[in-house]
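As a plain string of letters, each chain reads:
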Amino acid sequence: MHDSADQSGPVSPTAPSPGDGVFPGERATTVRSFAAGLADIAPELPDTVWKSLFQQTSGHLLAGQAVLQGADSIGQDLSAVDADHYSDLPSADVLTQIRRQAPDSPELRFAHLLSFMRDINADTLAIAAGAMPHLGSFSIPAAPEDTRPFEVSDLSAQLNEDGVLLPTLDRTGHHTIAPVMRTILRRLYDARDRHSESRSRRALGASAAEWLQAPAAYQSEGFDEALLQVAEAGEWKALTELWANRGHALMVDHFDATLEAFSKVPEAQAHNSAVLAEALGDCLQVDEVRRRLGVNDALTVLNEVNFEHAAVPTLDSRLERIKDGDFTVDDIMIMAIASMRRQKLLGQSDQGVHIARAAQELINDTRHLQSAPSRLCDARFHLEYGITSMFVGDLTESAQLLRRSIIITELASASSPYLLLPAHAYSALAHAMLGNGPSSDVHLRHFDELKERTRFTSPHTLTAYSLARMIRAMDALDLDEARQYSARLADPSLGHHSWLGVVQYRSLFGILHSDVGIEAKRLQQIIDTNRSSLPADGLLLHTLQLTLVCLHLAQGQTHLAQNVLLDAETKSPYIILARAQLHLTIGEHGTAAHLANRVLSQNSLDLHAKASARAVQAASLLGKGELVESDSAFVDALEYCRIAASLIPVAMVPKSLRDQLIERSSNAAEWDLIAPVFPTGPGPVDDPGSADEVGLADGAGPVDDLRLGETRFGDGSIGGPGGLGAGERLRQRLLSFGETLRIRAGHTLLSPSQRQLLALLDTQSSVSAIAAELSLVEGTVKNKLSNLYARLGVRNRRDALARGYEYGYLPTDR
């Protein structure tokens, strides 16, 4: 062809006049003349760029104009574009101009046929020439009698002279069509139906499928049209790859075209690809919501959709085909995601965790799977796995999985904020529930930034965000802000424990602002309803039971708190903590301190629980009169509160003991260290979504720019207004905080058998009747009654019954 170092460029064996040859338009024969012909469009391009563009377009001025104008239309300097991506740039206006000048000739169709071949040699030229009878007449060079009907060398020479076919520089006897020329030929030919409609559609779909893979194509104006052409041509592989790599972001960026294109996927194709099944089902679901709302704005519609992936088969239903290699890694991940979501809807998130682990085993089985996952599917899988782990109470694993999802998404070539939004929302929630307040705040800030930029979210994502915000507000004892976010959260149904966290933290909120109301009955009902489906390891159940015990203690209903703990797991640190709080409220300080020590001896404990146990320990030691030890334990509790960025552990101590601990620690440096964790200033300025957007509580308006004044109590400074330092203001704020757990000093805890005996004493008239009811001899019953009287601190039946009513062991509504 020519020496690549020759800046003058190749010279055509015959210099055709403008309009001659297989491709229309004036053709330059040197780089210099090519640059001169297009100087009015790009006069200052470096020589190396002109040379590259000349080679890519075979010297055709219209083709070069198409590339230059295409780059200009997307605001891209051609000097910064790799030559391999020139074929992504031809502008529609210039293509229309070329189309008007293009003759409807067999030569053009022949060149188009060759443009589908990446490596053109004598064999491929012969095959292409053999297809000419189907394309129309073609002037084959005359051949002597008894020879082949044409010479391939003559054909290649003709195409070379026409400036379409170029010899490769590294392989003798091979030819190529430059990428820009290939792109223009395909679009030029396929845009008009000259022969068979199906042939043209297939060719156009193949060209569009190749074009969609270019990064520059995604944000171009022609993407929607190309997407529809690919679907019309049935290029299902291209659609599969596109969805696997872009997912639901396609709906945001190319709403109408995505819904129309993926709705064309046949059921047979969806049956063989979980990726296509998800795309088809989700697009139909979005289209239904669009029709119901009567709007066509992508964000308005998508913000109302919770994708349940109903059309995707379950993982276990396709195990045999997976083992046979019928599905890709992306398919397995999509099926696992859909299965996990279904299990959550059924209140069986523990089964969802098993499904995720099974999917990982399948993916790691390299004997059957050779394909690598797309980064988007990999990130989505870990996101759903992390959410599912959160719903079973495994918050540590949840935070780790969500972090991995965020990392994978950020490393992807096309980082998707539509995936980062839920990942940050649920990560903020996981860290808030773990007691890692600073990490939660980081994720909340990321969420706010993305939300402001994209205006995209979903009902479930906003629920996670609002709950995280509510927890963080309670951590700072900012009850006004906590109330605002609580109003956004809808009550979960009794049979669906995915959002039991809503009820759990609403109960805690009721304790903190001394308005428990019906929270205890509601939480007890939900625990009873979901007990059979709660995870076997019991972590979620134990934290719910801890909250329920605190609810009862906040109302002074010690006997009901004891009822919760009668059948609870005795070795769980959360249940032991609940027992410690129970004994603290009835004045059994030695037992409370012992139980708090047992909690602190366990390694796998979240920061909230450690801080709470240390605060209970300090209060118990204070009650025992061990003042030095109590002061030391309380300073440690403040340090845990600083790390967790939460004051709840201190607040959840009976007020009389709490105030003494705070007063005794007035000179501790820890107060000035913990105060900056809770900065002063307004609440969140940017409302992440109104109640209507979240689909939650009716009438809950947006969170205003809250000026909370005295409810915010530290600015990071040692000094402050009125001469009070930040630490002192924090102490005063806590001293003014209300009661949480009521003290019932002198209350006696009865064993289950003693409570049964007291109930019989209330209903039976004689010792003999009680003995008959218990299948015991009267002497044994008398001994048990004596022990019961001693336990209650009374001497007779009448006083025992009176004490039973006082303590709540006997019903008062009869």
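Residues numbered from 1 in each chain as written. Predicted model: local features only at pLDDT ≥ 70, side-chain atom pairs only at ≥ 80, totals over all residues. Heavy atoms only, no water.

Colleague: Hey, could you go over the overall build of the chain for me, with residue numbers and the actual values?
Modeller: Scanning the chain for helices and strands turns up 43 helices and 2 strands. Looking at the chain residue by residue over its 814 residues, the buried ones come to 55%. Accessible area for the chain stands at about 34900 Å²; split by element, carbon and sulfur atoms hold 48% of it. (Helix = DSSP H or I, 4+ residues; strand = E, 2+ residues; numbered from the N terminus. Buried < 20%, exposed > 50% of the residue type's maximum accessible area, 1.4 Å probe, protein only. Areas by Shrake-Rupley, 256 points an atom, 1.4 Å probe, with all protein chains shown as cover.)

Colleague: Report on the pattern of salt bridges, specifying residues and quantitative values.
Modeller: Scanning the entire structure with this criterion turns up 21 salt bridges. Residue Arg-483 is joined to Asp-480 by a salt bridge in which the shortest nitrogen-to-oxygen separation is 3.4 Å. With a gap of 3 residues between them, Arg-483 and Asp-480 both fall in helix H26 (residues 479-486), about one helical turn apart. Here Arg-522 ties to Glu-519 by a salt bridge, and the two come within 3.9 Å at their closest N and O atoms. Linking Arg-522 with Glu-519, this pair stays in helix H28 (residues 519-530), spanning 3 residues, or about one helical turn. Three or more residues are tied together by salt bridges with common partners; here these are Asp-256, Asp-287, Arg-290 and Arg-291. (Salt bridge = Lys/Arg side-chain N within 4 Å of Asp/Glu carboxyl O.)

Colleague: Requested: an account of the packing of helix H20 (residues 349-363) against helix H21 (residues 375-391), with residues and values cited.
Modeller: Where H20 meets H21, the closest approach of the two axes is 8 Å, and the angle between their N-to-C directions is 145°. Between H20 and H21 lies a crossing whose hand is left-handed. Here H20 contributes Ser-349, Gly-352, Val-353, Ala-356, Arg-357, Ala-359 and Gln-360 to the contact with H21, which in turn contributes Phe-381, His-382, Tyr-385, Thr-388, Ser-389 and Phe-391. Classifying every residue of the contact of H20 with H21 gives 6 nonpolar, 6 polar and 1 charged. (Axes fitted to C-alpha atoms, helices over the stretch in contact; angles between N-to-C directions. Left-handed = near helix turned anticlockwise from the far one by under 90°. Contact = heavy atoms within 4.5 Å. Nonpolar A, V, L, I, M, F, W, Y, C, P; charged D, E, K, R; others polar.)

Colleague: Please give an account of empty space enclosed by the protein that cites residues and values.
Modeller: Counting across every chain of the model gives 3 cavities of 30 Å³ or more. In this structure, the largest cavity occupies an estimated 600 Å³ of space. Around the largest cavity, the lining is made up of 32 residues, and of these Phe-307, Arg-341, Glu-384, Pro-422 and Ser-458 lie nearest the centre. Looking at the lining of the largest cavity, the elements with two or more residues in it are helix H19 (329-345), H21, helix H23 (417-434) and helix H25 (459-475). Residues belonging to the lining of the largest cavity are distributed by class as follows: 16 nonpolar, 10 polar and 6 charged. (1 Å grid on protein atoms, 1.4 Å probe; cavity = no way out; pocket = protein on both sides within 12 Å on 5 of 7 lines; lining within 4 Å. Points joined across faces, edges and corners; volume = space filled by probe spheres on them.)

Colleague: Go over unusual backbone geometry with me, naming the residues and quoting the values.
Modeller: A positive phi angle, close to 55°, is found at Leu-477, a residue other than glycine. Secondary-structure assignment places Leu-477 in the loop between H25 and H26. Within the chain, Ser-514 stands out as a residue other than glycine whose phi angle is a positive 55°. Examined against the element boundaries, Ser-514 turns out to sit in the loop between helix H27 (500-512) and H28.

Colleague: Hey, could you go over the packing of H19 against H21 for me, with residue numbers and the actual values?
Modeller: Contact pair H19 / H21: the axes reach a minimum separation of 9 Å and the direction vectors enclose 25°. With respect to H21, the axis of H19 lies roughly parallel. As for how H19 packs across H21, the hand of that crossing is left-handed. Between H19, through Asp-330, Met-333, Ile-334, Ala-336, Ile-337, Met-340, Arg-341 and Lys-344, and H21, the contact on the second element is made entirely by Cys-377, Asp-378, Arg-380, Phe-381, Glu-384, Tyr-385, Ile-387, Thr-388 and Phe-391. The residue makeup of the contact of H19 with H21, split by class, is 10 nonpolar, 1 polar and 6 charged. (Parallel < 35°, antiparallel > 145°, perpendicular 65-115°, else oblique.)

Colleague: Describe the nonpolar core, with residues and values.
Modeller: Residues Phe-262, Val-286, Phe-381, Met-474, Leu-512 and Trp-671 are the most contacted members of the largest nonpolar core, which totals 206 residues. Top contributing element to this core by residue count: H23, with 13 residues. When near neighbours in sequence (up to four residues on either side) are disregarded, Val-286 contacts Met-251, Phe-255, Leu-259, Val-301, Leu-302, Val-305 and Phe-307. Counting residues in hydrophobic clusters, the runner-up holds 44 residues, among them Ala-35, Leu-53, Leu-68 and Leu-95. (Core = buried A, V, L, I, M, F, W, Y, C linked by side-chain atoms within 4.5 Å.)

Colleague: Account for the environment of Val-94, naming residues and giving values.
Modeller: Residue placement: Val-94 occurs in helix H4 (residues 92-101). Placed 27 residues apart in sequence, Val-94 and Val-67 show a C-alpha to C-alpha distance of 8.9 Å. Excluding residues that lie within four positions of it along the chain, Val-94 makes contacts with Leu-62, Gln-65, Ala-66 and Gln-69.

Colleague: A description of H23 should follow, citing residues and the corresponding values.
Modeller: The end-to-end C-alpha distance of H23, which contains 18 residues, comes to 25 Å, matching closely the 26 Å that a straight helix rising 1.5 Å per residue would cover. Just beyond H23, the residue with positive phi is Gly-435, at close to 85°. (Expected span 1.5 Å × (residues − 1).)

Colleague: Explain the environment of Thr-463 to me, using residue names and the numbers behind them.
Modeller: Mapped onto the fold, Thr-463 is located in helix H25. Separated by 22 residues in sequence, Thr-463 and Tyr-485 place their C-alpha atoms 9.5 Å apart.

Colleague: Would you mind going over the packing of aromatic side chains in detail, with residue names and values included?
Modeller: Throughout the structure, instances matching the rule amount to 8 aromatic pairs. With centroids separated by 5.4 Å and ring planes inclined at 80°, the aromatic side chains of Phe-34 and Phe-54 adopt a geometry described as edge-to-face. Pair noted here: Phe-34 is in helix H1 (residues 31-37) and Phe-54 is in helix H2 (residues 47-57), with a separation of 20 residues, a long-range link. Each member of the pair Phe-34 and Phe-54 is classed as buried. With a centroid separation of 5.9 Å and an interplanar angle of 55°, the aromatic rings of Phe-381 and Tyr-385 are classed as tilted. (Phe/Tyr/Trp six-rings, centres within 6.5 Å; stacked < 30°, edge-to-face > 60°.)

Colleague: Now, about helix H31 (residues 573-585): what can you tell me, with residues and values included?
Modeller: With 13 residues, H31 ought to run about 18 Å at 1.5 Å a step, and its terminal C-alpha atoms sit 19 Å apart, in line with that. Taking burial as the measure, the 13 residues of H31 include 12 buried ones, the bulk of the element. Of all the residues in H31, the buried ones are Pro-573, Tyr-574, Ile-575, Ile-576, Leu-577, Ala-578, Ala-580, Gln-581, Leu-582, His-583, Leu-584 and Thr-585. Residues of H31 that are buried sit in contact with helix H29 (539-554), helix H30 (558-566), helix H32 (589-600), helix H33 (607-624) and helix H36 (655-664). Backbone geometry just after H31 places Gly-587 at a positive phi near 85°.

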